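Summary of the model geometry
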Amino acid sequence: MDKKYKKYSVADFTQDIHFINWVNKGAGQKEWENFVRENPGLKKDIYTARDIVIAFRYRANDLQQVDEYELYQKIESYYTLHHRSKRPVSVRKFIQYAAVFVVILAIGATLSIFYFSENNENYTEIASSTSTSDEAKLILPGGEEILLKEKQSDLQFNAAGNQIKIDRDSIISYNGKKDPNAMAQVVVPYGKRSNILLSDGTKVWLNAGSKIIFPQKFTGKNRKVFLKGEAYFDVFKNNKSAFIVSTDNMNVTVHGTEFNVRENEPDHELEVVLVNGAVCLKENSKMSLLNKEIRLIPNQKAVFNKVNNKISVESNVDVAYYISWREGLLEFKRESILTVFRRLSQFYNVRFVTEGSVELNRKISGKLDLKDSLEDVMKVVADAAPITFRIDGEKVFVNSKIN
Amino acid sequence: MTKDHDIWENFKAGDKSALSYVYFQHFNSMFQYGIKFKDDPEFVRDCIQDVFLKLIQAGDKLGSTENIRFYLFKALKNAIYKELDKSKKLEFVEFDTLKFEAPFAFKEELQEKDHPTDRELALSKALNELSDRQREIIYLRFECTMEYGQICDLMGLKSDSARKLLFRAITSLREIIDDRLKHPILLLIQFSRKHVL
């Protein structure tokens, strides 16, 4: 506690930032309590100053009347437009013509609708029946497929659940029968990604080689989506409605938070990394061997191993490392060459073929900028590891450097 | 403060996460500040939208800053002034005398009381007698814990004016609060019950 305070007058206390923060926010409660106790002569003045600070308070206005997030979407669109086009975009024109064209689909409501009951069997059937083509697609509840042309597509579902904005320049109005279980599906093959804004405001970054199934509009008590692959979630806070990410084996339940979910097929693992907020992990099968729920706090990583049914939790992980794929960066720290090739294969949609004796288990570290061409990225890898490579169409032939 | 500087530069350069950071970090305080001038949420929201769109439109021509909140507050105040000036055709509103309409929390609490004490009434009267300028300075200093230099800049005042005006406000209140026959704690308890930060 600074000695200067011993000589302070009422006005001095009232204007002091530390004092104000104590009265209004309780900051430094112990220090100030001690100070008052040690300086009883100042007690009267301190309480007077405190009363004045309290008298000067204003009521905080209710923010609920204003949709903070909706406004952000407008601003973000303008931001993107402005930074994408060479010429400055007129504000007035932007507000008037937010969509370049509108496509209205008059849908016969009796077309096949994905129907989900409580158990997940239907889901897994539908997920596997979708062919692994090279196209990224949005599949509407009616079954219509819309091809997503961008390498990183952008989808926005409005709150009412009847419009979808695609890549910021087209809007689809969906007027199908209002089935509360009607689900939309986004499928991205290797080499493509998608950013999705769900109707509740949750943002999803879907990584290459993944699928997500979700309702066009969330009704019902909870918000549930199904994921196969990898996605980063920024869940819109809603204390009354839990957000559940369901994968083949595990459910991740949150209320409003940011985390990354990754299914690691080759290693039979599911990995969840928590960026902020809190999540609850619970096993997804009927015969659950895991009776308890596992809670994660920020910077923790949980790995669920499907083979031995164990969950391990690691604290203080380097979160950036796990979510750098969102920025198009691939970071790896002492990962095997094999793992790196798998990630590159997923991102660039190529196959790696090893010729000769390549040390696949050899560990390397580095950061790759996935905005670069595969050629440039492989050059970086070839610097870090004793390999040579040759790209031939969709295949990358890798050989050991010693040869 | 260099953190603000860097984020602002990133924002200018087109980094969307910087936009997101700036917006969500400051929206609430911008809203709370703006609504003190006019108790109309839609109006304040439109002004905030205006601020961001204009900032984005300025692009590279935008200056640098070490304090984003201050920059946004100034832009917001400008936007509010322009909008109010447009609609009020009869009354000429000067920028540095924008009416700070919002009442103190104490005033609202007092209205709900059936039998206010003499001291409470005296306090209410003293608060009423504060000028709009003093009330805005109080908001910026106590709620926003803003530095005097920035307060003066924001309000178009000369360097030491803010401190002097605040001192006068404090003194007038002090005379009433100090004049106590009862135990000092009593007044404290009455106020702190219904406070909302």
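Residues numbered from 1 in each chain as written. Chains lettered and ligands numbered in written order. Predicted model: local features only at pLDDT ≥ 70, side-chain atom pairs only at ≥ 80, totals over all residues.

Overview of the nonpolar core
- Counting 70 residues, the largest nonpolar core has Ile48 and Leu76 of chain B as the members making the most contacts within it.
- Sequence-distant contacts of leucine 76 of chain B, defined by excluding residues within four places in its chain, comprise Met30, Tyr33, Gly34, Cys47, Ile48 and Val51 of chain B. (Core = buried A, V, L, I, M, F, W, Y, C linked by C-beta atoms within 7 Å. Buried ≥ 20, exposed ≤ 12 C-beta atoms within 10 Å, placed from the backbone. Contact = placed C-beta atoms within 7 Å.)

Thoughts on the pairing of strand β25 (residues 395-400) of chain A
Residues and elements named next belong to chain A.
- Where strand β22 (residues 351-355) lies against β25, five bridges are found, and the strand directions are parallel. Bridging from a neighbouring strand, glutamate 355 pairs with asparagine 399 of β25.
- Relative to β25, strand β24 (residues 387-392) runs antiparallel, the two sharing six bridges. Within the sheet, the bridge partner assigned to threonine 388 lies in β25 and is asparagine 399.
- A loop of two residues connects β24 with β25, the two strands running antiparallel in sequence, and glycine 393 in this loop sits at a positive phi of about 65 degrees. (Pairing = 2+ DSSP bridges. Helix = DSSP H or I, 4+ residues; strand = E, 2+ residues; numbered from the N terminus.)

Focus: the interface of chain A and chain B
- Taken together, the 38 residues of chain A in the interface contact 45 residues of chain B.
- Put simply, the parts of the chain that give the side of chain A that touches chain B at least two residues each are α1 (10-15), α2 (17-25), α4 (43-55) and α5 (68-84) of chain A.
- Counting residues per element, the side of chain A that touches chain B draws most heavily on α5 of chain A, which supplies 10 residues.
- Of the residues assigned to the side of chain A that touches chain B, the class counts are 21 nonpolar, nine polar and eight charged. (Nonpolar A, V, L, I, M, F, W, Y, C, P; charged D, E, K, R; others polar.)

Topic: the packing of helix α7 (residues 132-143) of chain B against helix α9 (residues 161-178) of chain B
All names here are of chain B.
- Across the interface, α7 lies against α9 with an axial gap of 9 Å and an inter-helix angle of 100 degrees. In terms of orientation, α7 and α9 fall into the roughly perpendicular class. Contact residues: α7 offers Arg133, Gln134, Ile137, Ile138 and Arg141, while α9 offers Ala162, Leu165, Leu166 and Ala169.
- Across the contact of α7 with α9, the residue classes break down as six nonpolar, one polar and two charged. (Axes fitted to C-alpha atoms, helices over the stretch in contact; angles between N-to-C directions. Parallel < 35°, antiparallel > 145°, perpendicular 65-115°, else oblique.)

As for helix α8 (residues 148-155) of chain B
Residues and elements named next belong to chain B.
- Listed as buried for α8 are Ile151, Leu154 and Met155. Viewed along the axis of α8, the buried residues span an arc of 85 degrees, placing them on a single side of the element.
- Two residues or fewer after α8 comes glycine 156, characterised by a positive phi angle close to 65 degrees. (Arc of directions from axis to C-beta.)

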